[in-house]
Amino acid sequence: MGTPAEEAVIPGAGGKLRCIEAGLFDGLDAVMMCHAAARDILETTVAARTVLNLEFFGKAAHAGADPHQGLNALTAAVQTLNGLNGLYQQLTPGHRINAIVTDGGKVVNVIPEHAALAVQLRAPTRAELDRLKEKILDCARAGALMTGCRFTAEEPSPAVSDLVPSRPLLETYAASAQRLGVSPVRELETCISTDAGTVSHHLPCIHPFFAVGCDPGLELHSRAFAEACGRETAFRQLCTAAKILALTGYEVLSDPELRRRIRDEFLSRTNRTNSTRSF
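Could you give an account of the sheet that holds strand β6 (residues 114–123), with specific residues and numbers?
Taken together, four strands build an open sheet; the order of strands is β5-β6-β4-β7 and the sheet is antiparallel. Sheet topology places β5 (96–103) and β7 (150–154) at the edges, where each strand pairs with a single neighbour. With strand direction ignored, the average angle separating the axes of adjacent strands in the sheet is 20°. Sheet topology note: the β5/β6 ladder contains seven bridges and is antiparallel. Looking at β6, one finds that Ile97 is bridged to Leu121. Lying on the sheet, helix α2 (residues 73–88) is in contact with β4 (48–57), β5 and β6; it crosses β6 at an angle near 20°.

Here's what the structure looks like:
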């Protein structure tokens, strides 16, 4: 099942969220996938995540003749960034804020009447993400207030939740990997996000990673990582990951007791009953 644009960086993205909305996962016993990485990883921290597009609206004026007649939207955006910088010291572990200026004005001799920021935020759970989002909005309110501007906030795509893997399914995957000579590690000190996190709150789900190479210092979303993904070694690793998934799927299909344990663990974790699930 193809589910592109997992992190919803672009408007309307988040393929798995669309699958959930369309009911494509209804009736399934479990969902699993593998993601390329620098190492073979069985389990890692997957945070809840969203993006806020903040826009600031002021009043244009000639920057030399009568700047005092304007309301500087860029200043409002900069003050918001200053507020975000002030939050960093007080962020609890596992929280992340990343921001860029997407519009800072058009010409240098006019007071900018419009400015915009894109702010990405992550937190260990959706509840914590919602609280962090309010702090971001408070910074934007302050930036707008001190400059006389107004602001709007929009989430271009729905937030994604933290990922809680199915333990029975994860251990089955680990055993399948061992059969093929792969020993994935648990790496719980990262802070990445994926729409598979939301899936894991709807039905049993796992999201391990397979190594595309063994270059020292290789990390996700880098130029070196993109180059490594194009090598023959990475393709062979991809094929091995597909075999591990296939072996895991076979175990699920052929073992009613495993399916029961997967189902019961999910229902217990989510405080649901069989009557509330379609699988």
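Following the structure, the description resumes.
Any chance you could break down the pairing of β4 for me, citing the residues and the numbers?
Summarising burial for β4: seven of the 10 residues are buried, a large majority. In the sheet, β4 pairs with β6 via 10 bridges, with the strands oriented antiparallel. Pairing of Asn53 across the sheet is with Ala118, part of β6. One ladder, built from five bridges, connects β4 with β7; its direction is antiparallel. Paired with Asn53 across the two strands is Glu154, which belongs to β7.

Explain the packing of aromatic side chains to me, and be specific about the residues and the numbers.
Enumeration according to the criterion identifies one aromatic pair in this entry. The ring of Phe57 carries Arg150 above its face, with NZ or CZ at 4.3 Å from the centroid.

Please give an account of the environment of Lys16 that cites residues and values.
For Lys16, the location among the structural elements is in helix α1 (residues 15–21). Classification of Lys16 as buried rests on a relative accessible area of 6%. What Lys16 contacts, discounting residues up to four positions off in sequence, is Thr3, Glu6, Phe25, Met33, Thr194, Asp195, Ala196 and Val199. Within the structure, the side chain of Lys16 is placed 3.1 Å from the side chain of Thr3, a separation counted as a polar contact.

Please set out the side chain of Thr198 residue by residue, giving values where relevant.
Mapped onto the elements, Thr198 comes out in helix α5 (residues 196–199). The exposure class of Thr198 is buried, given its relative accessible area of 10%. Within polar-contact distance, the side chain of Thr198 engages the backbone nitrogen of Ser161 at 3.0 Å. Discounting chain neighbours no more than four positions away, the residues touching Thr198 are Leu17, Ile20, Ala159, Val160 and Ser161.

Can you break down helix α7 (residues 232–254) residue by residue, with the values?
Spanning 23 residues, α7 covers 33 Å between terminal C-alpha atoms, matching the ideal 33 Å at 1.5 Å per step. Along α7, the residues classified as buried are Ala234, Ala241, Ile244, Leu245, Thr248, Gly249 and Val252.

How would you sum up α2? Please name residues and give values.
A rise of 1.5 Å per residue sets the reference length of α2, with its 16 residues, at 22 Å; its end C-alpha atoms lie 23 Å apart and thus fit the reference within 8%. Burial in α2 covers these residues: Ala73, Ala76, Ala77, Thr80, Leu84 and Leu87. All buried residues of α2 project into a common sector of 100° when viewed along the axis, lining one side. Tucked inside the fold, the buried residues of α2 contact β4, β5, β6 and α3 (126–147). The opening residue of α2 is Asn72, an N-cap whose side-chain oxygen sits 2.9 Å from the backbone nitrogen of Leu74.

If you had to explain the state of the cysteines to someone new, which residues and values would you point to?
Enumeration according to the criterion identifies zero disulfides in this entry. Of all cysteine sulfurs in the structure, the one in Cys34 sits closest to Cys205, which takes part in no disulfide; the separation is 11 Å. Among the residues examined, Cys205 registers a relative accessible area of 1% and is labelled buried. Not part of a disulfide, Cys239 finds its nearest cysteine sulfur in Cys34, a span of 12 Å.

Conventions and cut-offs
- Residues numbered from 1 in each chain as written.
- Predicted model: local features only at pLDDT ≥ 70, side-chain atom pairs only at ≥ 80, totals over all residues.
- Heavy atoms only, no water.
- Pairing = 2+ DSSP bridges.
- Helix = DSSP H or I, 4+ residues; strand = E, 2+ residues; numbered from the N terminus.
- Axes fitted to C-alpha atoms, helices over the stretch in contact; angles between N-to-C directions.
- Contact = heavy atoms within 4.5 Å.
- Buried < 20%, exposed > 50% of the residue type's maximum accessible area, 1.4 Å probe, protein only.
- Phe/Tyr/Trp six-rings, centres within 6.5 Å; stacked < 30°, edge-to-face > 60°.
- Lys NZ or Arg CZ within 6 Å of the ring centre and 35° of its normal.
- Polar contact = N/O pair within 3.5 Å; in protein donor to acceptor, adjacent residues only side chain to side chain.
- Expected span 1.5 Å × (residues − 1).
- Arc of directions from axis to C-beta.
- Disulfide = S-S within 2.5 Å.

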